[in-house]
Amino acid sequence: GLEEIPARPVQDTGNILKQGYLEKRSRDHSFFGSEWQKRWCVLNRRAFYYYANEKSKQPKGTFPIEHYNARLAFHLRKDSRKRCCFELICPGKRTYE
């Protein structure tokens, strides 16, 4: 199984490969469809963290990146940002858009 990743403040995620704002599609679907939420994202060699903003003390979510793959997903949006869309996928786990 995949080990649990401890929740850490943005400043303490260690060996950061990439960080910055992304829009993440929420898992909750409303009457109007799912919402895109701006999140500060941090990727290190072991995990993907996402926070409300770059000063947050607690992540809104985190998951180990082992077994996840990224693929382009232009179909996710119809606006000018569709060329930037991608999915993080892992069999049997949540897909992040």
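Everything below is about the structure printed above this text.
Remember, it's a predicted structure, so these values are computed and weren't measured experimentally. Once a new chain begins, its residue numbering starts again from 1 and follows that chain's sequence as written. In keeping with the predicted nature of the model, local features appear solely for residues at pLDDT of at least 70, side-chain atom pairs appear and are counted solely at 80 or more, and the whole-chain, interface and lining totals rest on all residues. Where side-chain values are given, they derive from all heavy atoms of the structure, hydrogens and water being excluded.

Asker: What am I meant to see in a nonpolar patch on the surface here?
Answerer: Patches draw on residues past 30% relative accessible area with no salt bridge. Two like charges within 9 Å are joined, as are two nonpolar side chains (Val, Leu, Ile, Met, Phe, Trp, Tyr) within 5 Å. Computed with a 1.4 Å probe, the accessible areas rest on the Shrake-Rupley method; for each residue, only the protein chains presented here act as cover. When a carboxyl oxygen of Asp or Glu lies within 4 Å of a side-chain nitrogen of Lys or Arg, that pair is called a salt bridge. Together, Leu22, Leu72, Phe74 and Phe86 line one region of the surface with nonpolar side chains, adding up to about 340 Å² of accessible area. For phenylalanine 74, the location among the structural elements is in the loop between strand E5 (69-72) and strand E6 (86-89). The classification of residues rests on relative accessible area computed with a 1.4 Å probe and restricted to protein chains. Under 20% of the type maximum is buried, over 50% is exposed, and intermediate values are partly exposed. The class for phenylalanine 74 is partly exposed, based on a relative accessible area of 33%. In this description a helix means any DSSP run of H or I spanning at least four residues, a strand means any run of E spanning at least two, and both kinds are numbered starting from the N terminus.

Asker: How do you make sense of the nonpolar core when you look at a structure like this?
Answerer: Note on soluble globular proteins: their nonpolar side chains tend to be buried together. Judged by nonpolar contacts, Cys41, Phe48, Tyr50, Phe63, Tyr68, Leu88, Cys90 and Tyr96 together constitute the single largest core of eight residues. Any two residues whose heavy atoms approach within 4.5 Å are treated as being in contact. Those residues in contact with leucine 88 that lie beyond four places of it in its chain are Phe48, Phe63, Tyr68, Asn69, Ala70, Arg94, Thr95 and Tyr96. Of all hydrophobic cores here, the second largest spans six residues; its members include Ile5, Trp40, Val42 and Tyr49. Buried Ala, Val, Leu, Ile, Met, Phe, Trp, Tyr and Cys residues form a nonpolar core when they are joined through side-chain atoms within 4.5 Å.

Asker: Mind showing me how you'd approach the packing of aromatic side chains here?
Answerer: Describing an aromatic ring pair means giving the distance of the ring centres and the angle of the ring planes. Two rings from Phe, Tyr or Trp (for Trp, the six-membered ring) form a pair when their centres sit within 6.5 Å of each other. Planes less than 30 degrees apart are called stacked, planes more than 60 degrees apart edge-to-face, and all others tilted. The final tally for this structure, using the stated rule, is seven aromatic pairs. Note on phenylalanine 48 and phenylalanine 63: the rings are 5.3 Å apart at their centroids and 25 degrees apart in plane angle, and the pair reads as stacked. You can see phenylalanine 48 sitting in strand E3 (residues 47-51) and its partner phenylalanine 63 sitting in strand E4 (residues 61-64), a full 15 residues away along the chain. Linked through ring pairs, Phe48, Tyr50, Phe63, Tyr68 and Tyr96 together constitute an aromatic cluster. Residue placement shows lysine 38 over the ring face of tyrosine 21; its charged tip is 4.6 Å from the ring centre. Its end group placed over the ring of phenylalanine 74, arginine 83 keeps NZ or CZ at 4.2 Å from the ring centre. Lysine NZ or arginine CZ positioned within 6 Å of the ring centre and within 35 degrees of the ring normal marks a charge as sitting over the ring.

Scope: geometric values only; no functional claims are made or implied.
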